[in-house]
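Now for the letters of each chain:
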Amino acid sequence: MDKVYEYGNEVTEKHNPKNDRWIEFKADGSFISDGEPFGRNSGRWTTDNDKSILYIDSDVDDDDSEWKVTFNKDQITWTGIGHPRKENTKLIHKRKTD
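This section reports on the structure supplied with the text. In this numbering scheme, every chain counts its residues from 1 along its sequence in written order. The model is predicted, so local features are restricted to residues of pLDDT at least 70 and side-chain atom pairs to those at 80 or more, both for listing and for counting; the totals for chains, interfaces and linings are taken over all residues. Hydrogen atoms and water are omitted, and side-chain values are computed over all heavy atoms in the structure.

### Quick look at the sheet that holds strand β9 (residues 89-94)
Step number 1: When DSSP finds two or more bridges between two strands, those strands count as paired. A helix here means a DSSP run of H or I that spans at least four residues, while a strand means a run of E at least two residues long, and both kinds are numbered starting from the N terminus. What the 9 strands build is an open sheet, ordered β2-β1-β9-β8-β7-β6-β5-β4-β3; its pairing is antiparallel. Single-partner strands in this sheet number two, and they are β2 (9-10) and β3 (22-25).
Step number 2: Of the strand pairs in this sheet, strand β1 (residues 3-6) and β2 are connected by 2 bridges, and their pairing is antiparallel. Each bridged residue has a counterpart across the sheet, and for tyrosine 5 the counterpart in β2 is glutamate 10.

Here is the structure:
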């Protein structure tokens, strides 16, 4: 996770204070994420490719989410869907290359 925005304001320091948050999507439809301040998470993911929507089904109660996604080279931008607070949240992730 590279940047976090809420209501147009960058809040990365609050949501990724150690610059160590990440998510890994596995081919079997599972995911794992980790990093401060929220810690490890896992669950399932699916997409609606026609609508460019990513669905996250978290193993943590009340943590499921939907995101409109856009790609630009090695960067993906997620914009929340379904609730005004979520719709004003934007996450920018950069692909890690080994």
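On we go from here.
### Let's talk about a negative patch on the surface
Step number 1: Judged by side-chain charge, Asp57, Asp59, Asp61, Asp62, Asp63 and Asp64 come together as a negatively charged surface patch.
Step number 2: Exposure is judged per residue with a 1.4 Å probe applied to protein chains only, and the accessible area is read against the type maximum: over 50% gives exposed, under 20% gives buried, and values in between give partly exposed. Of the residues examined, aspartate 64 reaches a relative accessible area of 42% and is grouped as partly exposed. Residues enter patches when their relative accessible area tops 30% and they take part in no salt bridge; the joining distance is 9 Å for like charges and 5 Å for the nonpolar side chains Val, Leu, Ile, Met, Phe, Trp and Tyr. Only the protein chains shown count as covering a residue, and every accessible area follows the Shrake-Rupley method with a 1.4 Å probe. Salt bridge, as applied in this entry: a Lys or Arg side-chain nitrogen positioned within 4 Å of an Asp or Glu carboxyl oxygen. Charged residues are defined here as Lys and Arg on the positive side and Asp and Glu on the negative side; His and the ends of the chain fall outside this count. For charged residues, the charge sits on one atom: NZ in Lys, CZ in Arg, CG in Asp, CD in Glu.

### Focus on unusual backbone geometry
Step number 1: Look at the link from glutamate 36 to proline 37: it is a cis peptide, with omega at 10°.
Step number 2: As for its placement among the helices and strands, proline 37 is situated in the loop between β4 (30-34) and β5 (41-48).
Step number 3: At serine 52, a position not held by glycine, the phi torsion is positive, near 55°.
Step number 4: Among the structural elements, serine 52 can be located in the loop between β5 and β6 (53-58).
Step number 5: A residue is classified by how much of its surface remains accessible, and serine 52, at 30% relative accessible area, is partly exposed.

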